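Single-letter residue listing:
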Amino acid sequence: MRLGFRHLAAATTGMTFSLILLGVYTGAIGAGLSCGARWPLCNGAVFGLFPADWPSFVEWFHRFVAMVTGFMIVGTTYAAWKRQPRTDIRWASTVALAVLPVQVLLGANTIWFYGPVAQVLHHTAALTIFAAMTATTAWAFQGVATTADTATDADADASAEGSSGPVRL
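Quick caveat: nothing in here was measured; it's all calculated off a predicted structure.

Another aspect to go through is the packing of helix α3 (residues 87-112) against helix α4 (residues 116-141). Closest axis-to-axis distance for the α3/α4 pair is 8 Å, and the angle between their directions is 160 degrees. Between α3 and α4, the angle is such that the two are roughly antiparallel. Here α3 runs over α4; the crossing is left-handed. By residue class, the composition of the contact of α3 with α4 is 17 nonpolar, 9 polar and 1 charged.

Right, here's the structure in full:
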């Protein structure tokens, strides 16, 4: 298994977790309400280069991180199907990708209809994506020996060979 894919999967999982934490903060301060029930607009613009206040900035930053994380999920899934022979890795990343558009719509729903049900659905979808990415990463690293383990195994093999190996003259 390629080292690059394992790192991509781990980075995507880390970004997903960071996005969830940012989403919790965004919801806790009611940053979506600063958009005035407009999505994808916020404060009358598609992208607020200079947000009006702190909640607007948090909302825009959450959207930006969500976009980057979404592209990373797409890339991880593409790499899994292109380069990974294991079907469990492929399907776990596909679950994350399949839930992604639902998650985007549920995020929009938190802007349109802010409330506990909208928040719970949005975070449930986020946790589903996170669980799928965690599985993808865990399975990608499954069976990978560390350099310390490999060196210890090589030393053990060399000492075993030296004690009972053939005698050369």
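So, on to the nonpolar core. Counting 9 residues, the largest nonpolar core consists of Ile 73, Ala 96, Val 99, Leu 100, Leu 106, Ala 125, Ile 129, Ala 132 and Met 133. Excluding residues within four positions of it along the chain, Val 99 makes contact with Ala 125, Thr 128 and Ile 129. The next biggest cluster of nonpolar side chains, apart from the first, holds 6 residues, and it includes Ala 9, Ala 79, Ala 80 and Ile 89.

Right, let's get into the side chain of Gln 103. Structurally, Gln 103 can be placed in helix α3. Take Gln 103: its relative accessible area is 13%, and that puts it in the buried class. Beyond its immediate chain neighbours, meaning those up to four positions away, Gln 103 contacts His 122, Ala 125, Ala 126 and Ile 129.

Attention now moves to the packing of helix α2 (residues 54-83) against α3. Packed helices, taken two at a time, are described by the angle their axes make and the gap between the axes. Two numbers describe how α2 lies on α3: the axes approach to 8 Å, and their chain directions differ by 160 degrees. The orientation of α2 with respect to α3, classified from their angle, is roughly antiparallel. In this structure, α2 meets α3 at a crossing whose hand is left-handed. Residue-level inspection shows Glu 59, Arg 63, Gly 70, Ile 73, Val 74, Thr 77, Ala 80 and Trp 81 of α2 in contact with α3, the latter providing Ile 89, Arg 90, Trp 91, Ser 93, Thr 94, Ala 96, Leu 97, Leu 100 and Ile 111. Counted by class, the contact of α2 with α3 contains 10 nonpolar, 4 polar and 3 charged residues.

Now for the pattern of salt bridges. One pass over the full model with this rule turns up 2 salt bridges. For Glu 59, the salt bridge is made with Arg 63, and the minimal N-O distance between the two is 3.0 Å. Here Glu 59 pairs with Arg 63, and both are found in helix α2, just 4 residues apart, close to one helical turn. Grouping residues by exposure puts Glu 59 and Arg 63 together as buried. Ionic pairing is found between Arg 86 and Asp 88, a salt bridge with its closest N-O pair at 2.6 Å.

On to the environment of Asn 109. When you line up the elements, Asn 109 lands in helix α3. The spacing of Asn 109 and Leu 121 is 12 residues in sequence and 9.4 Å in space, taken between C-alpha atoms. The residues touching Asn 109, leaving out its near neighbours within four places in the chain, are Tyr 114 and Ala 118.

Our next topic: the environment of Thr 69. Structurally, Thr 69 can be placed in helix α2. Along the primary structure Thr 69 and Met 15 are separated by 54 residues, whereas in three dimensions their C-alpha atoms are 6.0 Å apart. When neighbours within four sequence positions are excluded, Thr 69 is seen to be in contact with Met 15, Thr 16 and Leu 19. Among the polar contacts made by the side chain of Thr 69, one reaches the main-chain carbonyl oxygen of Val 65 at a distance of 2.8 Å.

To continue, consider the confidence of the model for the chain. A low pLDDT score tells you not to read the predicted coordinates there in detail. On average, residues of the chain score 81 in pLDDT, and 72% of them reach the 70 mark or higher. Element-level mean pLDDT values for the chain span from 51 in helix α5 (residues 147-164) up to 93 in α4.

A few words on the packing of aromatic side chains. Applying the stated criterion to the full structure yields 4 aromatic pairs. Where Trp 81 meets Trp 91, the ring centres are 5.1 Å apart and the plane angle is 85 degrees; that geometry is what we call edge-to-face. Of this pair, Trp 81 sits in helix α2 while Trp 91 sits in helix α3, and the two are 10 residues apart along the sequence. Since its relative accessible area comes to 36%, Trp 81 is described here as partly exposed. Aromatic ring contacts, followed pair by pair, group Trp 54, Phe 57 and Phe 61 into a single cluster. The side chain of Arg 6 reaches across the aromatic face of Phe 141, ending 5.8 Å from its centre.

About the thresholds
- Residues numbered from 1 in each chain as written.
- Predicted model: local features only at pLDDT ≥ 70, side-chain atom pairs only at ≥ 80, totals over all residues.
- Heavy atoms only, no water.
- Axes fitted to C-alpha atoms, helices over the stretch in contact; angles between N-to-C directions.
- Helix = DSSP H or I, 4+ residues; strand = E, 2+ residues; numbered from the N terminus.
- Parallel < 35°, antiparallel > 145°, perpendicular 65-115°, else oblique.
- Left-handed = near helix turned anticlockwise from the far one by under 90°.
- Nonpolar A, V, L, I, M, F, W, Y, C, P; charged D, E, K, R; others polar.
- Core = buried A, V, L, I, M, F, W, Y, C linked by side-chain atoms within 4.5 Å.
- Buried < 20%, exposed > 50% of the residue type's maximum accessible area, 1.4 Å probe, protein only.
- Contact = heavy atoms within 4.5 Å.
- Salt bridge = Lys/Arg side-chain N within 4 Å of Asp/Glu carboxyl O.
- Polar contact = N/O pair within 3.5 Å; in protein donor to acceptor, adjacent residues only side chain to side chain.
- pLDDT = per-residue confidence, 0-100.
- Phe/Tyr/Trp six-rings, centres within 6.5 Å; stacked < 30°, edge-to-face > 60°.
- Lys NZ or Arg CZ within 6 Å of the ring centre and 35° of its normal.

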